[in-house]
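Reading the structure
These are the residues of each chain, in order.
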Amino acid sequence: MTGQDLNVAATRIGTHALGPGRRSVVWVQGCPFRCAGCLAPEWIPDRPARRLAPSELADELLADPGVTGLTLSGGEPMAQAAGLAALVREARARRDLSVICFTGYRLERLRARPPAPEVTELVGLLDVLIDGQYVARLDDGKGLRGSANQRVHHLTPRLVGSGYDFTSGPRTAEITVDGPTALLVGVPPPGLLAAFNSAVEEVRSKPTPNQCNTDQPVNNRPGEDD
């Protein structure tokens, strides 16, 4: 393990729910913001999750040959900028990929006073940055951003003509249940979060073969940053 290793909360390989095309997503563990109504509160604490070197994570995210892009979320990606920058470089050395990133920081702050030296490099590798902290009362159910105060910055022209409406388009999301794990991928449209919570409760109600009670842990994992 090196200083560029990533503390990973979750991954999703091959989804259409977090940007144009078929994408792989990584959510990092740890976030300095504590937005009220955060959709992934269990990813806020800066605690050990799954440690992966950038090359190992690239292997995982690119296992699907149809993937055309990466989406970086969390947690707070800028808190692990060194590892994510290394991941993007590694992945792009193998395949031509677009990269989308969510952050609670404003772009102006990242450029003027980056919270870590490696942030400047990571921002320079991104095609689209969605910035700003999540504000639940401003969640208008539109686009890839979580709330209306968040902004979509096309840092390169790569996805400008993709036909994907980042700001006002309809939201899509996926719910998967795999054993004791329930995963919500995407920015949930109105009503879907309730459906996801119902799926989580269903998982909780079914003990595993090695567990007789119904109080088993469930990873409640929305697919957007806080």
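Throughout this document, residue positions are counted from 1 along each chain, in the order its sequence is written. Only residues with pLDDT of at least 70 are given local features in this predicted model, and only at 80 or more are side-chain atom pairs given and counted; all residues enter the totals for whole chains, interfaces and linings. As a rule here, side-chain values come from all non-hydrogen atoms in the structure, and water together with hydrogens is ignored.

A word on the pattern of salt bridges. Counted as salt bridges are all cases of a side-chain nitrogen of Lys or Arg within 4 Å of a carboxyl oxygen of Asp or Glu. Summed over all chains, the structure comprises 11 salt bridges. Notably, a salt bridge pairs Arg89 with Glu121, separated by 2.2 Å at the nearest N-O pair. With Arg89 in helix H2 (residues 81-94) and Glu121 in helix H4 (residues 118-125), the pair connects residues that are 32 residues apart, well separated along the chain. Arg89 sits in the partly exposed class, given a relative accessible area of 35%. Strands here mean DSSP runs of E at least two residues long; helices mean DSSP runs of H or I at least four residues long; both are numbered from the N terminus. Each residue gets one of three labels from its accessible area relative to the maximum for its type: buried under 20%, exposed over 50%, partly exposed in between, using a 1.4 Å probe on protein chains only.

Once that is clear, we can look at the confidence of the model for the protein chain. Across the chain, each position has a pLDDT score giving the predictor's confidence in that residue, from 0 to 100. Averaged over every residue, the pLDDT of the protein chain is 84; residues scoring 70 or more account for 78%. In this analysis, two residues are considered to be in contact whenever any of their non-hydrogen atoms come within 4.5 Å of each other. Within the model, pLDDT remains below 50 along residues 208-226, and this stretch shows 69 contacts once partners closer than five positions in the same chain are excluded.

Our focus in this paragraph is the pairing of strand E5 (residues 98-103). Counting buried positions along E5 yields six of six residues, so the element is predominantly enclosed. Alternating residues of E5 divide into Ser98, Ile100 and Phe102 and Val99, Cys101 and Thr103, and every residue in both groups is buried. Between any two strands, at least two bridges found by DSSP are needed for them to pair. In the sheet, strand E4 (residues 69-74) pairs with E5 via four bridges, with the strands oriented parallel. When the bridges of E5 are listed, Thr71 appears paired with Ile100. With H2 bridging E4 and the parallel E5, this β-α-β connection has right-handed handedness. Bridging between E5 and strand E6 (residues 128-131) involves four bridges; their strand directions are parallel. Residue pairing in the sheet places Phe102 in a bridge with Ile130 of E6. Orient the strands so they point away from the viewer, and a crossover whose first-strand-to-second-strand path over the helix runs clockwise is right-handed.

Now for the packing of aromatic side chains. Side-chain rings of Phe, Tyr and Trp, where Trp is taken by its six-membered ring, are said to pair if the distance between their centres is within 6.5 Å; with planes under 30 degrees apart they count as stacked, over 60 as edge-to-face, and otherwise as tilted. Counting across every chain of the model gives three aromatic pairs. Summarising the aromatic geometry, the rings of Trp27 and Trp43 are spaced 5.7 Å apart at their centres and angled 40 degrees between planes, so their arrangement reads as tilted. One end of the pair, Trp27, is in strand E2 (residues 23-28); the other, Trp43, is in the loop between E2 and strand E3 (50-52), with 16 residues separating them in the sequence. Taken as a pair, Trp27 and Trp43 share a single burial class, namely buried.

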